[in-house]
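Chain and residue survey
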Amino acid sequence: MTIKEIQEELIDEFSMFDDWMERYEYMIDLGKSLPLINPKEKTEDKLIKGCQSKVWLHSELKNDKVVFTADSDAIITKGIIAILIRVFSNQPPEAIINADTDFIDAIGLKEHLSPTRANGLVSMIKQLKLYAVAYQAQLK
Amino acid sequence: MAFDIEKIRADFPILKRTVNTYPLVYLDNAATSQKPQQVIDSIVGYYSNYNANIHRGVHSLSQEATDAYEMARQKIQKHFNAAHAHEIIFTPGTTHGINLIANGFSSLLKKGDEIIVSALEHHSNIVPWQMLCEKTGAQLKVIPMNEEGTLVMSAYKELLSERTKLVFVNHISNALGTINPIEEIIQLAHEVNAAVLIDGAQSCSHIKPDLQELDVDFYVTSAHKMCGPTGIGMLYLKEEWGKKLPPYQGGGEMIAEVTFEKTTYAEMPHKFEAGTPNISGGIAFGAAIDYLNTIGFKAIEAHENALLNYATEALLAIEGLKIYGTGTAKTSVISFNIEGVHPYDMGTILDKLGIAVRTGHHCAQPIMEFYKIPGTVRASFAFYNTLEEVDRLVAGVKKAKMMLS
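Computed from a predicted structure; not experimentally measured. (Residues numbered from 1 in each chain as written. Chains lettered and ligands numbered in written order. Predicted model: local features only at pLDDT ≥ 70, side-chain atom pairs only at ≥ 80, totals over all residues. Heavy atoms only, no water.)

1. Regarding the side chain of Ser53(A)
Mapped onto the secondary structure, Ser53(A) falls in the loop between helix H2 (20-32) and strand E1 (55-62). With relative accessibility at 2%, the residue Ser53(A) sits in the buried group. When neighbours within four sequence positions are excluded, Ser53(A) is seen to be in contact with Ser72(A), Asp73(A), Ala74(A), Thr77(A), His342(B) and Tyr344(B). (Helix = DSSP H or I, 4+ residues; strand = E, 2+ residues; numbered from the N terminus. Buried < 20%, exposed > 50% of the residue type's maximum accessible area, 1.4 Å probe, protein only. Contact = heavy atoms within 4.5 Å.)

2. Structural notes on the packing of helix H3 (residues 75-88) of chain A against helix H12 (residues 343-352) of chain B
Direction vectors running N to C along H3(A) and H12(B) enclose 85°, while the axes themselves pass 7 Å from each other. Considered as vectors, H3(A) and H12(B) are oriented roughly perpendicular to each other. Residue-level contacts link Ile75(A), Ile76(A) and Thr77(A) of H3(A) to Tyr344(B), Asp345(B), Thr348(B) and Ile349(B) of H12(B). Broken down by class, the residue content of the contact of H3(A) with H12(B) amounts to 4 nonpolar, 2 polar and 1 charged. (Axes fitted to C-alpha atoms, helices over the stretch in contact; angles between N-to-C directions. Parallel < 35°, antiparallel > 145°, perpendicular 65-115°, else oblique. Nonpolar A, V, L, I, M, F, W, Y, C, P; charged D, E, K, R; others polar.)

3. Looking at the domain arrangement of chain B
Residue and element names in this part refer to chain B. We note that the domain assignment places domain 1 (5-30 + 296-404) and domain 2 (40-293) within chain B. Using C-alpha coordinates to define each centre, domain 1 is positioned 29 Å away from domain 2. Both sides together, the interface formed by domain 1 and domain 2 hides about 2,600 Å², and carbon and sulfur atoms give 59% of it. Broken down residue by residue, the surface that domain 1 buries against domain 2 is led by Phe297, Thr331 and Ile367, which jointly contribute 24%. Taken together, domain 1 and domain 2 are joined by 0 salt bridges. Between domain 1 and domain 2 we count 14 residue pairs in polar contact (both at pLDDT 80 or more) in total. Residue composition of the side of domain 1 that touches domain 2, grouped by class: 18 nonpolar, 10 polar and 6 charged. (Domains from an automatic or database assignment. Buried area = accessible area lost by both parts, 1.4 Å probe. Salt bridge = Lys/Arg side-chain N within 4 Å of Asp/Glu carboxyl O. Polar contact = N/O pair within 3.5 Å; in protein donor to acceptor, adjacent residues only side chain to side chain.)

4. Thoughts on the packing of helix H10 (residues 279-295) of chain B against helix H11 (residues 297-316) of chain B
All names here are of chain B. Orientation of H10 relative to H11, taken along the N-to-C sense of each, is 70°, at an axis distance of 5 Å. With respect to H11, the axis of H10 lies roughly perpendicular. From H10, Leu292, Asn293 and Ile295 reach across to H11, where they touch Phe297, Ala299 and Ile300.

5. Observations regarding the side chain of Glu114(B)
All names here are of chain B. Take Glu114: it is sitting in strand E5 (residues 114-118). Given the relative accessible area of 4%, Glu114 is considered buried. Discounting chain neighbours no more than four positions away, the residues touching Glu114 are Gln139, Lys141, Leu159, Ser161, Arg163, Thr164, Lys165 and Leu166.

6. Some words on the pairing of strand E7 (residues 164-170) of chain B
Consecutive side chains of a regular strand alternate in pointing toward one face of the sheet and then the other. All names here are of chain B. Among the 7 residues that make up E7, 6 are buried, leaving the element largely enclosed by the rest of the structure. The pairing of E7 with strand E8 (residues 195-199) spans 5 bridges and is parallel. Within the sheet, the bridge partner assigned to Phe168 lies in E8 and is Leu197. (Pairing = 2+ DSSP bridges.)

7. Thoughts on the packing of aromatic side chains
Each aromatic ring pair is characterised by the separation of its centres together with the angle its planes make. In the structure shown here, the tally under the stated rule is 20 aromatic pairs over all chains. Between Trp129(B) and Phe168(B) the ring centres are 5.2 Å apart and the planes differ by 45°, which places this aromatic pair in the tilted class. Here Trp129(B), found in helix H5 (residues 123-136), pairs with Phe168(B), found in strand E7; they are 39 residues apart in sequence, far enough to count as distant. By the ring-pair criterion, three or more aromatic residues cluster together here, those being Phe12(B), Tyr291(B), Phe383(B) and Tyr384(B). Cation over ring: Lys42(A) sits above Trp56(A), and NZ or CZ is 4.6 Å from the ring centre. (Phe/Tyr/Trp six-rings, centres within 6.5 Å; stacked < 30°, edge-to-face > 60°. Lys NZ or Arg CZ within 6 Å of the ring centre and 35° of its normal.)

8. Here's the deal with the interface of chain B and chain A
Contacts between the two partners involve 14 residues from chain B and, on the opposite side, 16 residues from chain A. Buried surface at the junction of chain B and chain A, both sides included, amounts to about 1,400 Å², of which 63% is carbon and sulfur. In terms of surface lost to chain A, no three residues of chain B exceed Tyr344(B), Lys352(B) and Met403(B), which account for 47% of the buried area on that side. Between chain B and chain A we count 0 salt bridges in total. Applying the counting rule to chain B against chain A returns 3 residue pairs in polar contact (both at pLDDT 80 or more). Sorting the residues of the side of chain B that touches chain A by element identifies H12, strand E16 (358-360) and helix H14 (387-404) of chain B as the ones contributing at least two each.

9. Points about helix H2 (residues 37-49) of chain B
Residues and elements named next belong to chain B. For H2, with 13 residues, the first-to-last C-alpha span of 17 Å sits near the 18 Å given by 1.5 Å per residue. Turning to H2, its buried residues are Val39, Ser42, Gly45 and Tyr46. Down the axis of H2, the sector holding all buried residues measures 120°, keeping them to one side. Exposed side of H2, more than 90 degrees from the buried face: Tyr47 and Ser48 are the residues found there. Each element contacted by the buried residues of H2 is listed here: helix H3 (60-80) and H10. (Expected span 1.5 Å × (residues − 1). Arc of directions from axis to C-beta.)

10. Structural notes on the sheet that holds strand E10 (residues 233-237) of chain B
All names here are of chain B. Overall, mixed pairing links the 7 strands, which are arranged E4-E10-E9-E8-E7-E5-E6 in an open sheet. In the strand order of this sheet, the two ends are held by strand E4 (88-91) and strand E6 (139-143), each with one partner. The mean inter-strand angle of the sheet, taken between neighbouring strand axes irrespective of direction, is 20°. As judged from the 5 bridges shared by E5 and E6, these two strands associate in the parallel manner. What sits directly across from Ser118, in E6, is Ile143. Sheet strands in contact with H3 are E4, strand E9 (218-222) and E10, and its direction is about 120° off that of E4. Across the sheet, H5 lies against E5, E6, E7 and E8, angled at about 150° from E6, the strand it touches most.

11. What to know about the confidence of the model for chain B
Mean pLDDT for chain B: 93, with 99% of residues reaching 70 or above. Here the complex is predicted with pTM 0.91, and the ipTM for its interfaces comes to 0.89. (pLDDT = per-residue confidence, 0-100.)

12. Some details on the state of the cysteines
Residue and element names in this part refer to chain B. Applying the stated criterion to the full structure yields 0 disulfides over all chains. For Cys204, which is in no disulfide, the shortest distance to another cysteine sulfur is to Cys227 and amounts to 12 Å. By relative accessible area, which is 2% here, Cys227 ends up buried. (Disulfide = S-S within 2.5 Å.)

13. A closer look at unusual backbone geometry
For the peptide bond that leads from Met268(B) to Pro269(B), omega is -5°, which places it in the cis range. Positive phi values are uncommon outside glycine, yet Asn90(A) reaches one of about 65°. Along the chain, Asn90(A) falls in the loop between H3 and helix H4 (93-98). Relative accessible area serves as the criterion here: at 47%, Asn90(A) is assigned to the partly exposed category. Phi at Cys227(B) is positive, roughly 75°, even though this residue is not glycine. With respect to the helices and strands, the residue Cys227(B) is situated in the loop between E9 and E10.

Written as structure tokens, this is what we have:
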């Protein structure tokens, strides 16, 4: 699936819920299916800066696609990074670089998009894209 | 005056708003307090009616502004019972006052001297002393805390010696709410001729310190935690120290006479107040003090203690909930965690329910390291909070716990 298709799928899934509580519970559930980072990779340099909770993000290039794994010590944050990884993992670097993130608003998590928000969603997206930029350079 | 909570709440326009469709429950008072209409009016009144630069003008507006600003200084002096109005220095806030003293001591300290701070400090408060020690070769010593979050006074006594030049302790810990025994801390320091600086950022909204009775050398606080505006605070500087310490910053107001050969500094307080000050802030600080005194600190303390006791009991009834800072002397701050729940997750769900608390390490990482936790959820109550709001907090914590575990 393309990034756009996965985003549409997420918007669809989240549209089933009427209130924030159900959305958050679903997000927490999604966190449980997060492809976990290898504990060996949970090093200081894998931590994303700007989060009040800890978020580790690891990436690899497999068959010209970027594969992400992650973890967090807070479960809402874990849900957020799980959503991002579902969208961006297993995609070519160029697609990750060019993808927009409007779907976050559409699934009702807009409040997390503020750059000053302590959960660092913006920092997470930036870090995912930075990895993609680095792999894109490698591929050229 | 009888304590009429509804009347008091009506003074605070912000308390009428909703957050995420729920009526706001504001329990982040240790970070900053809300402002009553009286304080807001004093800011608007200054800019609408007599905005002018102070101290230098001969025109009427400047005179009115100067009078109002100096009147505020006198209100602060009376409130804190300082001996003289010129011992009250207006600053941009607590941190600035601490830096002013640290800077002043850089010319008074030498290698081998010691500074004592407490383990309960805000970490931004530790930095100026570390810098001062690096610069002067003095050593930094730390008064440890125990499991209850209370300072170990026997250890403090052992740290004190004739090498001690300055002791720095907060009156009340921002992370735990512990009230430190500053009377005893000051008295013991003076026995070895050490000066004492007390950080009152967390205390002045709850209690009314008597600076002459405390016999403290320096006391700093911020207006914004006591119903005043941000960007203004005070440094109390005992007169004898005002003469010993050099000015902090160069600029207008702080000079008496300038030639290219030499500058003579102005007397206190202007020696420490370079440049055009925060005039509206100073005036509004005075209005905030008037407001708090109209309610009365006895009434404030009684109501806040009632909230603290009620909330402590209700929260402790939740399984897996642990409160940090359990000493008997504490203000209306509850720092807590629920086993297996990250404070950030708890704070996020509470926010969705319209309840504002603080989460994280509260700029007190050494305390969090002591307890080996990433942070806490901190609910801090003010006199305008209600028992019903405590109920909302407790219900919110229960709901969040259900969602998160």
